[in-house]
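Notes for the structure review
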Amino acid sequence: MDQALRLFAEKGYEATTVDEIAEAAGISRRTFFRQFRSKEDVIFADHESQLAQAAEFLAASADDPWEAVCAAVVQVFERFTQWREIAARRYQVVRRVPALREREIVTVFRYERLFTDYLRERLPDAPDLARVQFAAAVTATHNYLLRRMVRGESDAGAADLRVELAAIPRGRGRAVNPEELVVAVFPRDAPPRQIADLLVRKLGTL
């Protein structure tokens, strides 16, 4: 993947051949096709590993399912930060090639589907829309922070991602303990920002 991205950046995606990638990587054409169906597959090869590891983690998790999905997403993010240079080069290549952008969209959907299917299995009584919305929001939050990182716009790390994921509403799949409920009353014309600030301050004292 490293050599393929280098060649794509230097020569262009369409102008780079499989033979050139194999030669640069020090492997034969036959070996290349044992691992990948096409040069497009090379660019997203790490996603296959990421998806497999995320699925394995979720299958073994005994945590609250909503939190397990968040933990899986954080692990994906942490692995991408270890390959930041490669992720940044891939971003530059993908954004210039429409076919690769379409493949990226499909890849993102596969993460969403993995998380949605997991929540459906572990939380059969939760509203399905809540499960779908949660999986989409978690994936979108991860991708937003990752893209900002690879564009050099942010140094956000896993801790920042955890904070943002914690703000995503969980579904209504479990009964609520009345003792956990907080009722707040505000004037109808109170500014939303003022309400939010007051809630943050008051809840912090409970």
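Summarised in this report is the structure supplied together with it. (Residues numbered from 1 in each chain as written. Predicted model: local features only at pLDDT ≥ 70, side-chain atom pairs only at ≥ 80, totals over all residues. Heavy atoms only, no water.)

Taken as a whole, this structure holds four aromatic pairs when the rule is applied. Judged by centre distance (5.0 Å) and plane angle (65°), the rings of F8 and Y13 are edge-to-face. On the basis of relative accessible area, F8 is assigned to the buried category, the value being 1%. Judged by its relative accessible area of 10%, Y13 is buried. Aromatic side chains F32 and F33 sit 5.2 Å apart centroid to centroid with 85° between the ring planes, which places their arrangement in the edge-to-face category. The exposure class assigned to F32 is buried, which follows from its relative accessible area of 1%. One residue, K39, lies across the ring of Y13, its end atom 4.6 Å from the ring centre. (Phe/Tyr/Trp six-rings, centres within 6.5 Å; stacked < 30°, edge-to-face > 60°. Buried < 20%, exposed > 50% of the residue type's maximum accessible area, 1.4 Å probe, protein only. Lys NZ or Arg CZ within 6 Å of the ring centre and 35° of its normal.)

We now examine the packing of helix α1 (residues 2-11) against helix α2 (residues 18-25). At a minimum axis distance of 9 Å, the contact between α1 and α2 shows a crossing angle of 125°. Our classification of the angle between α1 and α2 gives oblique. With respect to the hand of their crossing, α1 and α2 are arranged in right-handed fashion. Residue-level contacts link Q3, A4, R6, L7, F8 and K11 of α1 to E20, I21, A24 and A25 of α2. The residue makeup of the contact of α1 with α2, split by class, is six nonpolar, one polar and three charged. (Axes fitted to C-alpha atoms, helices over the stretch in contact; angles between N-to-C directions. Helix = DSSP H or I, 4+ residues; strand = E, 2+ residues; numbered from the N terminus. Parallel < 35°, antiparallel > 145°, perpendicular 65-115°, else oblique. Left-handed = near helix turned anticlockwise from the far one by under 90°. Contact = heavy atoms within 4.5 Å. Nonpolar A, V, L, I, M, F, W, Y, C, P; charged D, E, K, R; others polar.)

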